[in-house]
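# Observations on the three-dimensional arrangement
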There are 2 protein chains.
Amino acid sequence: MQKEMINEDKCDVRVIHFDKVKAAQEGALTEDDLLNLAGFFKTFADPNRLKILMALDLQEMCVCDIAAFLDISESAVSHQLRYLRNGKLVRSRREGTVLYYRLVDEHVMKTILTGLEHVRE
Amino acid sequence: MQKEMINEDKCDVRVIHFDKVKAAQEGALTEDDLLNLAGFFKTFADPNRLKILMALDLQEMCVCDIAAFLDISESAVSHQLRYLRNGKLVRSRREGTVLYYRLVDEHVMKTILTGLEHVRE
DNA sequence: GTAATATATGATCATATACTCAGATAATGT
DNA sequence: ACATTATCTGAGTATATGATCATATATTAC
């Protein structure tokens, strides 16, 4: 059971399998990819956002309809939609004062369905 | 532009397209599925957990190796592994005092790779 | 049994999240 | 221009999250 220090400056770091640590480091994503990916999944980590995304997969909807569907305030919906817009998951189309939201592409539902598969075993 | 109240008790709820709200409600998941699904994605919503999962896809690893890889405390790793165990994403195998963790199944990486596809456009 | 090693757990704390509220903005109707 | 409608935004707040630290547990070696 060989022990090695991974870094001279951090003598508290204990490593049993140095080769595995190295392999993990070599296979790791960049910090950028990692943050984007975590951010992407954060989008799906909220029940209300999931409901919005699945509803928008069926049909485009406006803010107040989504608010009625979720039974939360329009302001709260608007905040969540901004979140989804920033994440490039939804797009909107304006018709007068009404904004109709829809999904951007098929990755969104694909991700949700893969997750649902796992959850239902 | 017809307006209807979705509920007599909540006169502040404004609905433009009642049919869409109804369709969304009919297509919606149960609260249980929704919470499980959100919980599932919450697992992937953290950079360190993502790194752990991707590393364990390559090879089984023990706690202290993961800690060295992530450059965080073994305690923090242990907390995250408990999270992953509760979510049924990883399993462990004991060899003396050392616990080797590995992924439970292929849904995990499938989910991560679908996400990565989207993130990289 | 005791000591040492590897991991797990509970308490605590700083930050992130998701809502509400009040007010701002954008498009339409008069 | 002014009022109305639909949505957006910033501030404030309560809860959730993820790390650290100290301590507890589990296995092995002596």
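So, a few notes on the structure that sits alongside this text. (Residues numbered from 1 in each chain as written. Chains lettered and ligands numbered in written order. Predicted model: local features only at pLDDT ≥ 70, side-chain atom pairs only at ≥ 80, totals over all residues.)

This part is about the overall build of chain A. The helix and strand tally for chain A stands at six helices and three strands. Ordered by position from N to C terminus, the α and β elements of chain A give α-α-α-β-α-α-β-β-α. Across the 121 residues of chain A, 34% fall into the buried class. The contacts in chain A between residues at least 6 apart in sequence include a share of 43% that link residues at least 24 apart. (Helix = DSSP H or I, 4+ residues; strand = E, 2+ residues; numbered from the N terminus. Buried ≥ 20, exposed ≤ 12 C-beta atoms within 10 Å, placed from the backbone. Contact = placed C-beta atoms within 7 Å.)

All right, on to the sheet that holds strand β2 (residues 90-95) of chain A then. All names here are of chain A. Taking strand neighbours across the sheet as the criterion, the three strands line up as β1-β3-β2 in an open arrangement whose pairing is antiparallel. The open sheet terminates on both sides in strands that have one partner only, identified here as β1 (61-62) and β2. With six bridges connecting them, β2 and strand β3 (residues 98-103) associate as antiparallel partners. Counterpart to serine 92 in the pairing with β3 is tyrosine 101. (Pairing = 2+ DSSP bridges.)

The next thing to look at is the sheet that holds strand β1 (residues 61-62) of chain B. All names here are of chain B. In space, the three strands of this open sheet follow the order β1-β3-β2, with antiparallel pairing throughout. Each having just a single partner strand, β1 and β2 (90-95) make up the two edges of the open sheet. Taken together, the two bridges between β1 and strand β3 (residues 98-103) define a ladder with antiparallel strand orientation. What sits directly across from cysteine 62, in β3, is tyrosine 100.

Before going further, it helps to examine the protein's contact with DNA strand C. What surrounds DNA strand C is a group of 28 residues, the closest being Ser73 and Gly96 of chain A together with Cys62, Ser75 and Thr97 of chain B. Among the secondary structure elements, those contributing two or more residues to the surface near DNA strand C are α5 (74-86) of chain A together with α4 (63-70), α5 (74-86) and β3 of chain B. Of all the elements, α5 of chain B adds the most residues to the surface near DNA strand C, at six residues. Grouping the constituent residues of the surface near DNA strand C by class yields ten nonpolar, twelve polar and six charged. (Near = placed C-beta within 6 Å. Nonpolar A, V, L, I, M, F, W, Y, C, P; charged D, E, K, R; others polar.)

For DNA strand D, the set of nearby residues contains 28 residues, the closest of which are Cys62 and Thr97 of chain A together with Ser73, Ala76 and Gly96 of chain B. Those elements that provide at least two residues to the surface near DNA strand D are α4 (63-70), α5 and β3 of chain A together with α5 of chain B. The dominant element in the surface near DNA strand D, judged by the number of residues it contributes, is α5 of chain A, at six residues. Of the residues belonging to the surface near DNA strand D, the class tally is eleven nonpolar, twelve polar and five charged.

Residues and elements named next belong to chain B. Its place among the elements puts isoleucine 112 in helix α6 (residues 107-119). Among the residues examined, isoleucine 112 registers 19 C-beta atoms within 10 Å and is labelled partly exposed. Through-space distance from the C-alpha of isoleucine 112 to that of glycine 27 is 26 Å; in sequence the pair is 85 residues apart. Each residue touching isoleucine 112, except ones within four places of it in the same chain, is listed here: Phe44, Leu50, Leu53 and Met54.

Turning next to the interface of chain A and chain B. Each partner contributes to the interface: chain A provides 49 residues, whereas chain B provides 49 residues. Taken together, the elements giving at least two residues each to the side of chain A that touches chain B come down to α1 (18-27), α2 (31-44), α3 (47-58), β1, α4 and α6 (107-119) of chain A. For the side of chain A that touches chain B, the element with the most residues is α2 of chain A, which contributes ten residues. Residue classes in the side of chain A that touches chain B are distributed as 30 nonpolar, ten polar and nine charged.

Of all hydrophobic cores here, the largest spans 62 residues; its most connected members are Ile66 of chain A together with Ile66 of chain B. Ignoring any residue separated from it by four or fewer positions in sequence, one finds isoleucine 66 of chain A in contact with Ile52, Ala55, Met61 and Val77 of chain A. (Core = buried A, V, L, I, M, F, W, Y, C linked by C-beta atoms within 7 Å.)

A word on the relation of the copies chain A and chain B. Each copy of the sequence occupies a distinct position, and chain A is placed on chain B by a rotation of 180° and an axial shift of 0.0 Å, giving an RMSD of 0.1 Å. Within this description, the copies of the chain are treated as partners about a two-fold rotation axis. Of all interface residues in chain A, 100% are interface residues in chain B too; the two copies therefore contact each other through one and the same surface. (Least-squares fit on C-alpha atoms with pLDDT ≥ 70 in both.)

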